[in-house]
Amino acid sequence: MTVDNPFSGDGTLAPDNRILLKYFPGLTENQQRQFALLPGLYSDWNEKINLISRKDIEHLIIHHVLHSLSIAKVVNFIKGTKIVDVGTGGGFPGIPLAILFPEVKFILVDSIGKKINVVKEIVTALQLENVTALKSRAEDLEESFDFVISRAVASLNSTCNWTYRLIRPGGRNSIKNGWLFLKGGDLSGEIKESQSQVVIFEISNFFEEDFFREKRIVYVPFK
């Protein structure tokens, strides 16, 4: 499979990709190359299997990649951290975070085999050695992790119940081990139902683009 050249004629990143450098100026050349390949890879695969809304594919960098990376504004994962992305779909938020944190291990899980097969192909194309993609249900996993991450897959209560046994207590990062959810809209009902201690981060405090209004990260520490 071939992808479009992600760089402009002068060898610099295309405009949408330069937004990533605005918020993450320390990206290495290899990380910039990997991020720059994403639009072409996803456009190509989206023609074969609907990973992302076809109307949304042109906004991939902001709506999907940068949105995923907002988690890095809450915690700068240290080397050796182990993370599971539950219901990863097309690989979000796991793949962008794996590019940003090459020394962190990511397990990307989804029950839909077609999607996981595409995730595996994208991981291979990007040469990401810190990612494993599995066709599985979260409750069937037998490993333990520092964090569960998820992007609008299910309610807080449901996801925490499914994955509670996957999280190991304690933690070495700047926040305790637990769950990090990417959510939007009114969360009051979900939070009340979950009866959990939660910390909410407004993504608009990190990124100025209009898309991030009412987009939030919900952190639930492991008890």
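Residues numbered from 1 in each chain as written. Predicted model: local features only at pLDDT ≥ 70, side-chain atom pairs only at ≥ 80, totals over all residues. Heavy atoms only, no water.

J.: I'd like a description of the environment of Lys-82, backed by residues and values.
T.: With respect to the helices and strands, the residue Lys-82 is situated in strand S1 (residues 82-86). Discounting residues that sit within four places of it in the chain, Lys-82 has contacts with Lys-105, Glu-143, Ser-144, Phe-145, Asp-146, Phe-147 and Arg-168. (Helix = DSSP H or I, 4+ residues; strand = E, 2+ residues; numbered from the N terminus. Contact = heavy atoms within 4.5 Å.)

J.: Got a sec to walk through helix H5 (residues 113-126)? Specific residues and values, please.
T.: Here H5 is 14 residues long and its end C-alpha atoms lie 20 Å apart, about the 20 Å a rise of 1.5 Å per residue gives. In this structure, the buried residues of H5 make contact with helix H2 (29-46), helix H4 (94-100), strand S2 (105-110) and strand S3 (131-135). Immediately downstream of H5, the backbone of Gln-127 shows phi near 60°, a positive value. (Expected span 1.5 Å × (residues − 1).)

J.: Any chance you could break down the pairing of S3 for me, citing the residues and the numbers?
T.: Note on strand geometry: in a regular strand, side chains alternate between the two faces of the sheet. Relative to S3, S2 runs parallel, the two sharing five bridges. Residue pairing for S3: Ile-107 is matched across the bridge by Thr-132. The parallel pair S2 and S3, bridged by H5, forms a crossover whose chirality is right-handed. (Pairing = 2+ DSSP bridges. Right-handed = clockwise from strand over helix to strand, strands pointing away.)

J.: Any details on the side chain of Thr-159? Residues and values, ideally.
T.: Inspection of the secondary structure assignment puts Thr-159 in helix H6 (residues 156-163). Residue classification places Thr-159 among the buried positions, given a relative accessible area of 1%. In contact with Thr-159, other than residues within four places in its own chain, are Ala-154, Trp-179 and Phe-181. (Buried < 20%, exposed > 50% of the residue type's maximum accessible area, 1.4 Å probe, protein only.)

J.: Account for the sheet that holds S1, naming residues and giving values.
T.: Strand order in this open sheet of seven strands is S3-S2-S1-S4-S5-S7-S6, and the pairing throughout is mixed. Of all the strands in the sheet, the pair left with one neighbour each is S3 and strand S6 (199-202). Within this sheet the neighbouring strands show an average axis-to-axis angle of 20°, counted without direction. Across the sheet, helix H3 (residues 60-69) lies against strand S4 (147-151), strand S5 (178-184) and strand S7 (215-221), angled at about 155° from S4, the strand it touches most. Where H6 meets the sheet, its contacts fall on S1, S4, S5 and S7, and the angle it forms with S5 comes to roughly 155°. (Axes fitted to C-alpha atoms, helices over the stretch in contact; angles between N-to-C directions.)

J.: I'd like a description of the pattern of salt bridges, backed by residues and values.
T.: In the structure shown here, the tally under the stated rule is nine salt bridges. The salt bridge partner of Glu-208 is Lys-22, with a shortest N-O separation of 2.5 Å. Remark: Lys-22 occurs in helix H1 (residues 15-23) and Glu-208 occurs in the loop between S6 and S7; sequence separation between them is 186 residues. The partner of Glu-143 in a salt bridge is Lys-82, with the nearest N and O atoms 2.5 Å apart. Placement of the pair is Glu-143 in the loop between S3 and S4 and Lys-82 in strand S1, with a sequence separation of 61 residues. Salt bridges sharing common partners tie together Lys-22, Glu-208 and Glu-209. (Salt bridge = Lys/Arg side-chain N within 4 Å of Asp/Glu carboxyl O.)

J.: Tell me what's going on with the packing of H2 against H5, and back it up with residues and numbers.
T.: The interhelical angle for the contact between H2 and H5, taken along N-to-C directions, is 145°, at an axis separation of 10 Å. Once H2 is placed against H5, the crossing between them reads as right-handed. Counting all contacts with H2, which are made through Arg-33, Gln-34, Leu-37, Leu-38, Leu-41, Tyr-42 and Trp-45, the residues of H5 involved are Val-118, Glu-121, Ile-122, Ala-125 and Leu-126. Classifying every residue of the contact of H2 with H5 gives nine nonpolar, one polar and two charged. (Left-handed = near helix turned anticlockwise from the far one by under 90°. Nonpolar A, V, L, I, M, F, W, Y, C, P; charged D, E, K, R; others polar.)

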